[in-house]
Amino acid sequence: MTMTTTAPAPVRVDMPPCDHTPRPYTGPSRDETLAMRRQYTNPTIFTLYHEPLMIVEGYMQYLFDETGRRYLDFFAGIVTVSVGHCHPKVVKAVQTQVETLQHATTIYLHPNFPLLAKKLASKMPKGLDVTYFTNSGSEANDLAIMMSRLYTGNTDVIALRNAYHGGSPGSLGLTSHNTWKFPATGDGRVHHAVNPDPYRSPFAGTPEQIATKSVEDIRDLIRYSTPGKIAAFICEPIQGVGGATHGAPNYLREAYALARASGGLCIADEVQTGFGRTGEQYWGFENFDVVPDFVTMAKGIGNGAPLAAVATRMDIAKTLTQRLHFNTFGGNPVSMAAGLAVLDVIDEEGIQENARERGRELKTGLARLQGSYPIIGDVRGMGLMLGVELVRDRGTKEPAKAAALDVLESAREQGLLIGKGGLDANILRVKPPMCITAADVEFALDVLDHAFASVASF
Ligand SMILES: Cc1ncc(COP(=O)(O)O)c(C=O)c1O
C-alpha cells in the first residue's frame, strides 16, 4: 500500500449552525500562552496537533478558539464532557453552590454528599450502593485495589494488556502501555493478561473462542505467577486509551467467574464507559451481563468537574474503617452539585438514548468508510465510544501511525476534533459529548471521508 497525498474532494456538508456567540477573547495570545507553557509548566504535557490548538470557550458539542473559530468536538476533553460543554443546568448548579458554600469537608454534614451517593446507588445493580468519592480516576482505582487487598487478604491483581487505569504510582502499575509506564512504577503484584480484542489477539478462532482462550491466559497467570489466589481482576469493559477494544460477550462472564473462584473481587473501570456512553446500557459492564464488586468512575460524572468515585458493597467498603480514611475534596459540595446536575441531565434529556442512536449512525457511517478506504482495518466500539484502527496493510495489520496523525490534522483543519490512542497511536478515538445531533454525525462523517481521501490512495 502506498501513502500519497491526493487532491481531496470538496466537503459536501457544512458544520450545523449554532446560535451561541463566543465572547471576544482578550487574554494572552496563543503564542504567549505556548511560550509560558514551555517555560513554566511541567515538561511532560503534550498537545494533539502539530500547531497546538488554543481553546478558550465551549458550548455543548462545540469548542471555540481564541479567534472565535468554532469546532465540533468529537473527543469531549478526552471523553469527559458527557452532557455538553458548559451545559446550562450544570453551570447553574455549580454557580449556585459555589456562591453558597464552596468547601467544608465531610467532617460536617452537607446534603450534596449523601444525595449524590444515593443517586448513584439508584443507577447501580442492587448491593453496590456505597460510594467513596475521589478527585480522579487514578485515585478511584487505587482505592478499589487497596480495598480488594484488604477484603480478600490477597495481594495479586490481574489487569489486561493494553489497559489504561491511571497515572498515579499505584494505577500506573495497572496500566499496560510502555509509553505511559515509568521505570519507577511500584506495584509489582500486578499481572497483565492477554487482551480479548479479536482484531489483534495472539489466539485464533471466533471472537467467542478468543475470549475463552484469553480467560485461559488469566488461569495460567494465576497458576504460574501468583500464590494461586488473587485480590482483584480489573478491566475496562471497553478499553478507552487502548482504542475502544473489547472482548466477545462471554469474556467478562468467564473472567469474572475465574477471578471469583480464585478468591478475587472484580473491578469494572467505568471511567470512560459509564453514564450511558455505550448507548444500550448505563454502565459498560451491563453490556456483558456481569455484576462487578467495584465500579470505578470519573470523567463523565462531572462533565469537567474534578470528580471521581468508587461504588461498592457495604461489607467491602467497611474494610477501610479499620483505620482513618479521609479525602479533602472527596464529597466537596460544588463537585457533588455538578455530579447531581449531570445525572439529572442524563435522565431528563435522554442522553443515553442519544448515545445509542447517534452511535449507531456514526458506526454505520464509519463502516461505510471502511468499505472505501483499505487503511481502515477495524471499526469497533459501542454507542459513542468508537474506535477506528488504521493499518498500512489489512493482511499484516501494520499500524498506520503517520496516517492517523494526518487524518487528525485534516479533520481539525475542517473543524472537527477527534482523538487517537492505542499502543501505536494508530487508532482514531471518536467519543463526542453525548448531546450531538444527527446533523453533527453527518458533518463528521463527511469530514472524515474527506480526510481519508486526502491521506491515502490505493
Ligand atoms: C479507563 C480509565 N481509567 C482511569 C483513568 C485515570 O483517570 P484520571 O486521569 O482522572 O486519573 C483514565 C484516564 O484517562 C481512564 O481512561
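Quick caveat: nothing in here was measured; it's all calculated off a predicted structure.

Peer 1: Help me understand the overall build of the protein chain, please; the structure alone is not making it clear to me.
Peer 2: A tally of helices and strands in the protein chain yields 13 helices and 15 strands. What you see for the protein chain is a C-alpha radius of gyration of 22 Å, in line with the 23 Å of a compact globule of 458 residues. Of all 458 residues assigned to the protein chain, the portion counted as buried reaches 55%. Relative to all contacts within the protein chain whose residues are 6 or more apart in sequence, the contacts with residues 24 or more apart total 74%. Of note, the protein chain has its 43 positive side-chain charges centred 4 Å away from the centre of its 48 negative side-chain charges.

Peer 1: Got a minute to help me understand the site of the ligand in this structure?
Peer 2: The local shell around the ligand consists of S136, G137, S138, N141, Y164, H165, G166, E236, D269, V271, Q272 and K299. Contact between the ligand and G137: an oxygen atom at 2.8 Å from a main-chain N or O atom of the residue. Interatomic distance of 2.5 Å between a side-chain N/O atom of S138 and an oxygen atom of the ligand. In the complex, 84% of the free accessible area of the ligand, which totals 390 Å², lies under the protein chains.

Peer 1: What is the right way to read the side chain of S410 from this model?
Peer 2: Within the secondary structure layout, S410 lies in helix α12 (residues 401-413). Classification of S410 as buried rests on a relative accessible area of 10%. If near-sequence neighbours (up to four positions away) are discounted, S410 is found in contact with A451 and S454.

Peer 1: Whenever I open this one, the sheet that holds strand β7 (residues 232-235) confuses me. Can you help?
Peer 2: Strands in a sheet are paired, the pairing made by backbone hydrogen bonds, and the direction either parallel or antiparallel. With respect to topology, seven strands assemble into an open sheet ordered β4-β10-β9-β8-β7-β5-β6, the strand pairing being mixed. Strands with a single pairing partner mark the edges of an open sheet, and in this sheet they are β4 (130-134) and β6 (190-193). For this sheet, the mean inter-axis angle between neighbouring strands, taken without regard to orientation, is 20 degrees. Contacts from helix α8 (residues 250-261) reach β5 (157-160), β7 and β8 (265-269), with the element oriented near 160 degrees to β7.

Parameters at a glance
- Residues numbered from 1 in each chain as written.
- Predicted model: local features only at pLDDT ≥ 70, side-chain atom pairs only at ≥ 80, totals over all residues.
- Heavy atoms only, no water.
- Helix = DSSP H or I, 4+ residues; strand = E, 2+ residues; numbered from the N terminus.
- Rg over C-alpha atoms; globule rule 2.2 N^0.38 Å.
- Buried < 20%, exposed > 50% of the residue type's maximum accessible area, 1.4 Å probe, protein only.
- Contact = heavy atoms within 4.5 Å.
- Lys, Arg positive; Asp, Glu negative; His and termini not counted.
- Charge placed at Lys NZ, Arg CZ, Asp CG, Glu CD.
- Near = heavy atom within 4 Å.
- Polar contact = N/O pair within 3.5 Å; in protein donor to acceptor, adjacent residues only side chain to side chain.
- Areas by Shrake-Rupley, 256 points an atom, 1.4 Å probe, with all protein chains shown as cover.
- Pairing = 2+ DSSP bridges.
- Axes fitted to C-alpha atoms, helices over the stretch in contact; angles between N-to-C directions.

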